[in-house]
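So the chains spell out like this:
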Amino acid sequence: MDIRELKYFIEIVKKKNFTLAAKNLHISQPALSKTMKNLESELEVQLLDRSDKEIKLTEIGQLFFVQAEAVLNAFDSLKASLYDQSKLNKGEVIVGLPPVIGSSIFVKVLTTFKESFPDIKLHIIENGAKMVEHNLYNGKIDLGVVIAPVDENQFEYIPIMEDESVLVVHHHHPFAQREAVSIADLKEEEFLLLDKTFMLHHHVVQYCQDAGFKPNILFESSQWDFLVELVAQNQGVTILPRPILSRVENRQIHIIPIRPNCLKWKVGFLLNREQYVTHVMKVFINHTVRTVATCE
């Protein structure tokens, strides 16, 4: 039994079909079938149930599949580790980055990283935090940037920065004259929120419910600047992270702290605990944490 046979077996299980698996593996279907029969003969067990058009696992095959995936993942991590040590500061990193975070704190991070590490290719995939978690879990990105809290049983979290989310109102709104508001004060307001792909949406809804009311959400958007413009037109109120508003110059809006400061804005890296962390990933993480610290 070797790694090649394990790869073949796993692909057959995933495709549930010898023909489709053979196509993906770039070998002939008869050769693939022969390899699997040889593997079963060597192990003296039947791994695959071939009685239907759709290939199924036998009971022992299910156990073997779990172990085979673990072995293959360990093998891939070993290769990545060896490659990583040999290449050092060369390679690529795929980062999942919510737009609301990227626009506020990552411009300087990305520009200085490119200057400091020209041989590391950085690929940014913009998605809401929920999609970042999904892509990280499925291996589509190397690491993600999210707003805490996160499921630390499934993911490793590395803090980058902490700030607060604030209320944004029209400058003629009654709250514009106040130094601060509470979540309970917002019971009668019409909310303009970032959509459900953003963790902030869920945090706002939860805190409103904790305060004894369901927020009246008038409109949702993936674009924070659009929400600010709607507030400037006196179409409702919104809650956004304070850092992204630092560059907004609009005399039609007023920013008000929320007290107590329950809507903290904690930003950090998210890593899959089952994934090997390469040297270039560590380089990007360390560079980001240092750069953000100097900007605060």
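The notes below deal with the structure included here. (Residues numbered from 1 in each chain as written. Predicted model: local features only at pLDDT ≥ 70, side-chain atom pairs only at ≥ 80, totals over all residues. Heavy atoms only, no water.)

With that settled, the discussion passes to the overall build of the chain. Helices and strands together make up the secondary structure of the chain, namely 10 helices and 11 strands. Relative to a compact globule of 296 residues, whose C-alpha radius of gyration would be 19 Å, the chain shows 25 Å and is clearly more extended. In terms of principal-axis extent, the alpha carbons of the chain reach across some 80 × 45 × 30 Å. Counting only residues that meet the buried cut, the chain has 44% of its 296 residues in that class. In the chain, of all internal contacts separated by at least 6 residues, the share reaching a separation of at least 24 is 75%. Surface accessibility of the chain: about 16,200 Å² in total, with carbon and sulfur atoms responsible for 50%. Computed over 32 positive and 38 negative side-chain charges, the inter-centroid distance for the chain is 5 Å. (Helix = DSSP H or I, 4+ residues; strand = E, 2+ residues; numbered from the N terminus. Rg over C-alpha atoms; globule rule 2.2 N^0.38 Å. Buried < 20%, exposed > 50% of the residue type's maximum accessible area, 1.4 Å probe, protein only. Contact = heavy atoms within 4.5 Å. Areas by Shrake-Rupley, 256 points an atom, 1.4 Å probe, with all protein chains shown as cover. Lys, Arg positive; Asp, Glu negative; His and termini not counted. Charge placed at Lys NZ, Arg CZ, Asp CG, Glu CD.)

Next up on the list: a nonpolar patch on the surface. A cluster of nonpolar side chains, Val45, Ile60 and Leu63, forms an exposed patch at the surface whose accessible area comes to about 250 Å². Mapped onto the fold, Val45 is located in the loop between helix H3 (29-43) and strand E1 (48-49). Classification of Val45 by relative accessible area gives partly exposed; the value is 31%. (Patch = residues over 30% accessible without salt bridge, like charges linked within 9 Å, V, L, I, M, F, W, Y side chains within 5 Å. Salt bridge = Lys/Arg side-chain N within 4 Å of Asp/Glu carboxyl O.)

Let's shift gears to the nonpolar core. By size, the foremost hydrophobic cluster in this structure holds 60 residues, and its most contacted members are Ile101, Phe106, Leu143, Val145, Leu167, Leu186 and Phe191. Look past the residues within four positions of Val145 in its chain and what remains in contact with it is Val95, Gly96, Leu97, Pro98, Ile101, Phe106, Val132, Ile160, Val267, Gly268 and Phe269. (Core = buried A, V, L, I, M, F, W, Y, C linked by side-chain atoms within 4.5 Å.)

This part is about unusual backbone geometry. Of the consecutive residues Arg259 and Pro260, the connecting peptide bond is found in the cis state with omega at 0°. Residue position: Pro260 is located in the loop between strand E10 (253-256) and strand E11 (264-272). Backbone geometry at Lys16 places phi at a positive 55°, although glycine is not the residue there. By secondary structure assignment, the location of Lys16 is in the loop between helix H1 (3-15) and helix H2 (18-25). Phi is positive for Asn234, which is not a glycine, with a value near 60°. When its relative accessible area of 48% is taken as the criterion, Asn234 is described as partly exposed.

Applying the stated criterion to the full structure yields 6 salt bridges. Two residues, Glu220 and Lys196, come together in a salt bridge whose shortest N-O distance is 3.0 Å. Here Glu220 is found in strand E8 (residues 216-221), whereas its partner Lys196 is found in the loop between strand E7 (190-194) and helix H7 (199-210), with 24 residues between them in sequence. For Glu220, a relative accessible area of 27% corresponds to the partly exposed category. Judged by relative accessible area, which is 49%, Lys196 ranks as partly exposed.

It is worth spelling out the pairing of E8 at this point. Sheet analysis places E7 next to E8, joined by 5 bridges and oriented parallel. Note on E8: the bridge partner recorded for Leu192 is Phe219. Where the polypeptide runs from E7 across H7 and back to E8, its parallel neighbour, the crossover connection is right-handed. (Pairing = 2+ DSSP bridges. Right-handed = clockwise from strand over helix to strand, strands pointing away.)

Below, the discussion takes up the packing of aromatic side chains. Applying the stated criterion to the full structure yields 6 aromatic pairs. Centroid distance Phe113 to Phe284: 5.1 Å. Interplanar angle 90°. Geometry classified as edge-to-face. Note that Phe113 is positioned in helix H5 (residues 99-116) and Phe284 in helix H10 (residues 279-295), a separation of 171 residues in sequence. With relative accessibility at 1%, the residue Phe113 sits in the buried group. An aromatic cluster is present here, built from Phe113, Phe117, Phe269 and Phe284 joined pairwise through their rings. (Phe/Tyr/Trp six-rings, centres within 6.5 Å; stacked < 30°, edge-to-face > 60°.)

On to the pairing of E11. Summarising burial for E11: 7 of the 9 residues are buried, a large majority. Pairing analysis gives 4 bridges linking strand E5 (residues 143-147) to E11, with the strands arranged antiparallel. For Ile147, the partnering residue across the bridge sits in E11 and is Val267. Pairing between strand E6 (residues 155-170) and E11: 9 bridges, direction antiparallel. Bridge assignment links Asp163 to a residue of E11, and that residue is Trp265.

Here H1 is 13 residues long and its end C-alpha atoms lie 18 Å apart, about the 18 Å a rise of 1.5 Å per residue gives. Of the positions making up H1, those classed as buried are Glu5, Leu6, Tyr8, Phe9, Ile10, Glu11, Ile12 and Val13. Trailing H1 by a residue or two, Lys16 shows a phi angle of about 55°, which is positive. (Expected span 1.5 Å × (residues − 1).)

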